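Residue strings, one per chain:
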Amino acid sequence: MPPFSSHPLKANPIHSQLRKHPSLFGIPFLILIVGASFGMQSFTQTKYDLQDKKVQSVTKEQQLGLDKNRKKFDIREEYYRLNAAQDEGWENKRIPRPAGLPEWGVPPPDEPPPNAAADSADKPP
């Protein structure tokens, strides 16, 4: 016999029903979710209606005035205009190099020890 029995002495009838029919827990949960969706539908519809009113608040006269003054858009014209604007204010400025750095950016090799310089001068090439 196992140390703990699977049937406690004071079993709650709800627990036994849930063990036999697990859908008794899931069905009310699904009903709550679907019901809340239908309940929130009016609030979300009101939100979208107010947002739509803000967007459509332009009158016909304003709309015609906007269309009349509008300039046609050409992507090539915008490209050239932006390139010209970038080139106008540009100036090449040279900054001073750090001390000890030669013209082309390669650091000079470490100077050989004085003995090595004397040895290389004695040997013929």
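Here, every reference points to the structure presented above.
What counts as what
- Residues numbered from 1 in each chain as written.
- Predicted model: local features only at pLDDT ≥ 70, side-chain atom pairs only at ≥ 80, totals over all residues.
- Heavy atoms only, no water.
- Patch = residues over 30% accessible without salt bridge, like charges linked within 9 Å, V, L, I, M, F, W, Y side chains within 5 Å.
- Areas by Shrake-Rupley, 256 points an atom, 1.4 Å probe, with all protein chains shown as cover.
- Salt bridge = Lys/Arg side-chain N within 4 Å of Asp/Glu carboxyl O.
- Helix = DSSP H or I, 4+ residues; strand = E, 2+ residues; numbered from the N terminus.
- Buried < 20%, exposed > 50% of the residue type's maximum accessible area, 1.4 Å probe, protein only.
- Phe/Tyr/Trp six-rings, centres within 6.5 Å; stacked < 30°, edge-to-face > 60°.

### Focus on a nonpolar patch on the surface
Alright, step 1. Taken together, Ile14, Leu18, Leu24 and Phe25 make up a surface patch of nonpolar side chains, about 420 Å² in accessible area.
Alright, step 2. Elements supplying a minimum of two residues to the nonpolar patch: helix H1 (13-20) and helix H2 (23-55).
Alright, step 3. Mapped onto the secondary structure, Leu18 falls in helix H1.
Alright, step 4. Since its relative accessible area comes to 32%, Leu18 is described here as partly exposed.

### Quick word on the packing of aromatic side chains
Alright, step 1. Taken as a whole and judged by the stated rule, the model has one aromatic pair.
Alright, step 2. Aromatic pair Tyr79 and Tyr80: ring centres 5.4 Å apart, planes at 65°, arrangement edge-to-face.
Alright, step 3. The exposure class assigned to Tyr79 is exposed, which follows from its relative accessible area of 51%.

### So, the pattern of salt bridges
Alright, step 1. Per the stated rule, a full pass over the model turns up two salt bridges.
Alright, step 2. Between Asp74 and Arg76 there is a salt bridge, with its nearest N and O atoms 3.8 Å apart.
Alright, step 3. A residue is classified by how much of its surface remains accessible, and Arg76, at 58% relative accessible area, is exposed.
Alright, step 4. Between Glu78 and Arg81 there is a salt bridge, with the nearest N and O atoms lying 2.7 Å from each other. Of this pair, Glu78 and Arg81 both sit in helix H4 (residues 75-88), three residues apart, which is roughly one turn of the helix.
Alright, step 5. On the basis of relative accessibility, which here comes to 24%, the residue Glu78 falls in the partly exposed class.

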